[in-house]
Amino acid sequence: MKTYTVLALLFASPVFAGVFPDVGYAAPQNWNGKQFVLSQDYPQAEPPAESYPWTSIDFKTQPKEYLNSIIRYCFEGFLKEGEFLQPQENKKRPWYHAPWLHYGSNGREFVNGLTNERSSRPSELSEGQTESYRNVAVGLYNDRGAFTIGQVWKNPTAPNAAAAKFPEGTVSFKLLFTAAPETIAPWLAGSPTWTADLDRSNNSAKIAATKVRLLQVDVAVKDQRSSCGGWVFGTFHYDNSILGDSPWQKLRPLTVLWGNDPTVTPSSGTKPVESWVDAESPIVKFRANPPAGLTPPPPPVLGWAGRGNGPVDNPISSCLSCHSTAQNPGTPMIPPSSVSEQTRLRWFRNLKPGQPFNSNATTLDFSLQLAVGINNLGDFKKFTQNLGGVFVKPKAATPGPAAAAPALAPDAKKPEYSRDPKPVQ
Ligand code: HEC
């Protein structure tokens, strides 16, 4: 009966056209702007590999060229007249979203499908940043990656973690936007903006006026030359001083990671050799050399003990460290704050492709969108079970997941799971 309950919810709602919900709540009735639609027509057979231009570039010696080659592939077909299109409008190649990120208070907002990310604390981005600012993001997978997403989620009510083996040539990228104003740093000036329903507002005019601006773009590529899980992770940040045909292209390659430097700690006397970080980035320059007396002081560059990481990311982690924890059942994404450096290194191992973080778990192959989605479905099932295992039709006119997901009061303080998990005690 439980399966039936969830299925009834999945198929009964007018909020979405596909198998998986687009968002978990309805737009205000008088909203006539754009609305997010999940790209979920996942390929049923493994798409053939293309000849990817970055495979002939050595990320160790030409990290910028490697990253720029990937971002050109990711953005192809998305840019039109200064706008960044939705994947359904991209005529160059198909891109897909992962399901079940709509659920809960961190779930997708309805305009652009943005989920809540870790906030940027004072002094993390610039010396002019005196407040904490919210960040939101949306991620996409190419056809090779989407094939795997579709295999894991083939049964929409019982995802199969064992199918999470992304083929070579899988690419995912993620656009991260900040609520910070462009005045916090000269490099942020002119960054492109999107509308976002940050506060789950009922007021259409207020939603239309809420803008977030592009800050960071993440990429993850299945590249067998990597020392860690077969994945290379990298990131860019928006930088006004970079030349670009449109503001979307003013992206500075910031870091690339092809390994986790399994022995490097703050006191090891060694520096990471499996990450490259751009010393010319204004964020790196600021963090490496903050003005004397700045309070609070900025976090170090950029991840733990100098590993690569994003400007919005938790500085005690690294891209590959956090993503190496993607598994079923879930496990803490970052090490507990109380443990020794040696214990902490468990989070900085170079896992083999297909090796789970915990030996008794099933790996989700570095996909935290699979991990979060599967976890959200589990929470949703528990929620419906707490209703007695029976789906009670809500009184609202639009039933379905929108009504079933716990409503978020407009001024409720949102917890942050994405990239900012609670450390285990
Ligand atoms: C402390 C944890 C953490 C760190 C550090 C982190 N991420 Fe993630 N990342 C997440 C979580 C959680 C998700 C899934 C939810 C989402 O998309 O917001 C995610 C999603 C992604 C995705 C979408 C694909 C997927 O399913 O995982 C990409 C690509 C990505 N991150 C790249 C990066 C890169 C590049 C870095 C470093 C610059 C990075 N991440 C650092 C937690 C982290």
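Residues numbered from 1 in each chain as written. Predicted model: local features only at pLDDT ≥ 70, side-chain atom pairs only at ≥ 80, totals over all residues.

Participant: I would appreciate a short explanation of the overall build of the protein chain in the present structure.
Facilitator: A tally of regular secondary structure across the protein chain gives 9 helices and 12 strands. Among the 425 residues that make up the protein chain, the fraction classed as buried is 45%. Taking contacts inside the protein chain between residues at least 6 apart in sequence as the whole, the part at least 24 apart equals 68%. (Helix = DSSP H or I, 4+ residues; strand = E, 2+ residues; numbered from the N terminus. Buried ≥ 20, exposed ≤ 12 C-beta atoms within 10 Å, placed from the backbone. Contact = placed C-beta atoms within 7 Å.)

Participant: Help me understand the pairing of strand E8 (residues 231–238) in this model?
Facilitator: Along any regular strand, the residues point their side chains to alternate faces of the sheet. For E8, the buried fraction is high: 8 of the 8 residues fall into the buried class. In E8, alternate side chains face the same way, and those of Trp 231, Phe 233, Thr 235 and His 237 on one face and Val 232, Gly 234, Phe 236 and Tyr 238 on the other are all buried. Pairing geometry for strand E7 (residues 211–222) and E8, over 7 bridges, is antiparallel. In the strand pairing of E8, Val 219 is matched with Gly 234. Across 6 bridges, E8 lies against strand E9 (residues 251–257) in antiparallel orientation. Looking at the pairing, His 237 lines up with Arg 252 of E9. (Pairing = 2+ DSSP bridges.)

Participant: Teacher, can you tell me more about the site of the ligand here?
Facilitator: Taken together, 29 residues surround the ligand, and among them Gly 310, Cys 319, Cys 322, Leu 368 and Gln 369 come closest. Sorting the residues of the shell around the ligand by element identifies strand E4 (135–141), strand E5 (171–178), E7, E8, helix H6 (319–323) and helix H8 (368–386) as the ones contributing at least two each. Residue composition of the shell around the ligand, grouped by class: 11 nonpolar, 13 polar and 5 charged. (Near = placed C-beta within 6 Å. Nonpolar A, V, L, I, M, F, W, Y, C, P; charged D, E, K, R; others polar.)

Participant: Mind showing me how you'd approach helix H3 (residues 143–152) here?
Facilitator: An α-helical turn contains 3.6 residues, so a residue and the one three or four places further along point in the same direction. Counted residue by residue, H3 has 8 buried out of 10 residues, so it is predominantly covered. Taken together, the buried positions of H3 are occupied by Asp 143, Arg 144, Gly 145, Ala 146, Phe 147, Thr 148, Ile 149 and Val 152. In this structure, the buried side of H3 is in contact with E4, E5 and H8.

Participant: Please clarify how helix H2 (residues 63–75) should be interpreted in this entry.
Facilitator: The terminal C-alpha atoms of H2 lie 18 Å apart, and with 13 residues this matches the ideal 18 Å at 1.5 Å per residue to within 8%. For H2, every residue scored as buried is listed here: Pro 63, Tyr 66, Leu 67, Ile 70 and Cys 74. One side of H2 holds all its buried residues, which, seen down the axis, span an arc of 90 degrees. Summarising the contacts, the buried residues of H2 are in contact with E5, E7, E8, E9 and strand E10 (275–277). Just downstream of H2 lies Gly 77, where phi reads positive at about 85 degrees. (Expected span 1.5 Å × (residues − 1). Arc of directions from axis to C-beta.)

Participant: Help me understand the nonpolar core in this model?
Facilitator: Within soluble globular proteins, side chains that are nonpolar tend to cluster in buried spots. The biggest cluster of nonpolar side chains holds 86 residues, and the ones touching the most others in it are Ile 70, Ile 149, Phe 177, Val 232, Val 256 and Leu 370. Once residues within four sequence positions are removed from consideration, Val 256 is found in contact with Phe 59, Pro 63, Tyr 66, Leu 67, Val 232, Gly 234, Trp 276 and Gly 308. (Core = buried A, V, L, I, M, F, W, Y, C linked by C-beta atoms within 7 Å.)

Participant: Would you take a moment to explain unusual backbone geometry for this structure?
Facilitator: Most peptide bonds adopt trans geometry, and most residues besides glycine take a negative phi value. The omega torsion across Thr 295 and Pro 296 is -10 degrees, close enough to zero to call that bond cis. Topologically, Pro 296 is positioned in the loop between helix H5 (282–288) and H6. Residue Asn 328 is joined to Pro 329 through a cis peptide bond whose omega torsion reads -5 degrees. Positive phi, normally seen in glycine, also occurs at Trp 100, with a value near 65 degrees. Tracing the sequence through the fold places Trp 100 in the loop between strand E2 (83–84) and strand E3 (115–116). C-beta crowding within 10 Å serves as the criterion here: with 27 such atoms nearby, Trp 100 is assigned to the buried category.

Participant: Explain the confidence of the model for the protein chain here, please?
Facilitator: Note that predicted coordinates carrying low pLDDT should not be read in detail. Residues with a pLDDT of 70 or more make up 87% of the protein chain, whose mean pLDDT is 89. This stretch, residues 1–16, has a pLDDT under 50; its non-local contacts, to residues over four places away or in other chains, come to 40 contacts. Scored below 50 in pLDDT, residues 393–425 makes 67 contacts in the model with residues more than four places away or belonging to other chains. (pLDDT = per-residue confidence, 0-100.)

Participant: Which parts of the structure should I look at to understand the environment of Asp 239?
Facilitator: Tracing the sequence through the fold places Asp 239 in the loop between E8 and E9. The spacing of Asp 239 and Gly 190 is 49 residues in sequence and 9.0 Å in space, taken between C-alpha atoms. The contact partners of Asp 239, leaving out residues within four places of it in the chain, are Trp 187, Lys 250, Arg 252 and Pro 282.

Participant: I tried to follow the pairing of E5 on my own but got confused; where do I start?
Facilitator: E5 sits mainly inside the fold: 7 of its 8 residues count as buried. Relative to E5, E4 runs antiparallel, the two being bridged by 7 bridges. Each residue of the ladder has a partner; that of Val 136, found in E5, is Phe 177.

Participant: In this structure, what is going on with the environment of Asn 106? I would like to understand it.
Facilitator: Note that Asn 106 resides in the loop between E2 and E3. Each C-alpha atom of the pair Asn 106 and Leu 198 lies 10.0 Å from the other, and the pair is 92 residues apart in sequence.

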